[in-house]
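Coordinate inspection notes
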Amino acid sequence: LGSRILVRIEKSQPQSAGGILLPSSSQKKQNNGVVVSISEDVASVTKGDKVLYSEYAGTEVDFQDEEHIILKSDDVIGVMPSDDVSKLKPCGPRILIECTDAEESTTGGVLLTQSVKERPLTGSVVAIGQGAEDESGKVQPLSVKVGATVMYSKYSGMELEGKDGKQFIVVGDSDLLAELS
């Protein structure tokens, strides 16, 4: 029914990077997996793609003794060809942005800790989705281009961390406030 996708959820890591075993309550809920089956009208992903999806989307089901989730195609944020976040291919009207680094100190020279650093609201566009469909079903391309410096809404998008520690965010095109020059 509708534009649905069945995704096998990636298994969460039962231990930290340092090797400490984590109780299930401390393990981060996975929001990525591999597409197992799709409706005929879904064009944004194919069977076998590794996808990133909205954290609170879908319905979790057990299928063949594995955890799966049934998603609407709009809940898929992007396709991940590798574990490198910078290679994410956004779906629909979404944009992958590499965040500008937060200020390390105040203008007076006081060093800031991680907890008081203000999250920057600007960054460089790394990748864009194909755009949103209008009422007639025609895809409307996004107005922003890869490489542009943009400002986005404060409480928007999904934050991601790259392997090299760089911060990324995936936002919808409606969350862009301005293109900076």
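Residues numbered from 1 in each chain as written. Predicted model: local features only at pLDDT ≥ 70, side-chain atom pairs only at ≥ 80, totals over all residues. Heavy atoms only, no water.

The next subject is the overall build of the chain. Counting its regular elements, the chain contains zero helices and 15 strands. When burial is assessed residue by residue, the chain has 33% of its 181 residues classed as buried. Sequence-distant contacts, at least 24 apart, represent 58% of the contacts inside the chain between residues at least 6 apart. Taken as a whole, the chain presents about 11,500 Å² of accessible surface, with 50% of it coming from carbon and sulfur. (Helix = DSSP H or I, 4+ residues; strand = E, 2+ residues; numbered from the N terminus. Buried < 20%, exposed > 50% of the residue type's maximum accessible area, 1.4 Å probe, protein only. Contact = heavy atoms within 4.5 Å. Areas by Shrake-Rupley, 256 points an atom, 1.4 Å probe, with all protein chains shown as cover.)

Attention now goes to the pattern of salt bridges. In total, this model carries two salt bridges according to the counting rule given. Close ionic contact of Glu-98 with Lys-166 constitutes a salt bridge, the shortest N to O distance being 3.7 Å. Of this pair, Glu-98 sits in strand S8 (residues 94-99) while Lys-166 is found in the loop between strand S13 (158-161) and strand S14 (167-172), placing the two residues 68 residues apart along the sequence. (Salt bridge = Lys/Arg side-chain N within 4 Å of Asp/Glu carboxyl O.)

As judged from the five bridges shared by strand S4 (residues 59-63) and strand S5 (residues 66-72), these two strands associate in the antiparallel manner. The residue of S5 that forms the bridge with Glu-60 is Ile-69. Turn length for the S4-S5 hairpin, with the two strands adjacent in sequence and antiparallel, is two residues, and the turn residue Gln-64 shows positive phi of about 55°. (Pairing = 2+ DSSP bridges.)

Let us look at a nonpolar patch on the surface. On the surface, a cluster of nonpolar side chains totalling about 240 Å² of accessible area is made up of Met-151, Leu-177 and Leu-180. Of the residues examined, Leu-177 reaches a relative accessible area of 53% and is grouped as exposed. (Patch = residues over 30% accessible without salt bridge, like charges linked within 9 Å, V, L, I, M, F, W, Y side chains within 5 Å.)

A word on unusual backbone geometry. Despite not being glycine, Gln-64 has its phi angle at roughly 55°, a positive value. Within the secondary structure, Gln-64 sits in the loop between S4 and S5. Unusually for a residue other than glycine, Asp-65 sits at a positive phi of about 60°. On the secondary structure map, Asp-65 appears in the loop between S4 and S5. Take Asp-65: its relative accessible area is 82%, and that puts it in the exposed class.

Moving on, we get to the sheet that holds strand S9 (residues 122-128). Within the open sheet, the six strands sit side by side as S13-S14-S8-S9-S12-S15. Their pairing is antiparallel. Here the strands that pair on one side only, and so sit at the sheet edges, are S13 and strand S15 (176-180). For this sheet, the mean angle separating the axes of adjacent strands, direction not counted, is 40°. Here four bridges tie S13 to S14, and the two strands are oriented antiparallel to one another. The residue bridging Leu-160 from the neighbouring strand is Phe-168, located in S14. (Axes fitted to C-alpha atoms, helices over the stretch in contact; angles between N-to-C directions.)

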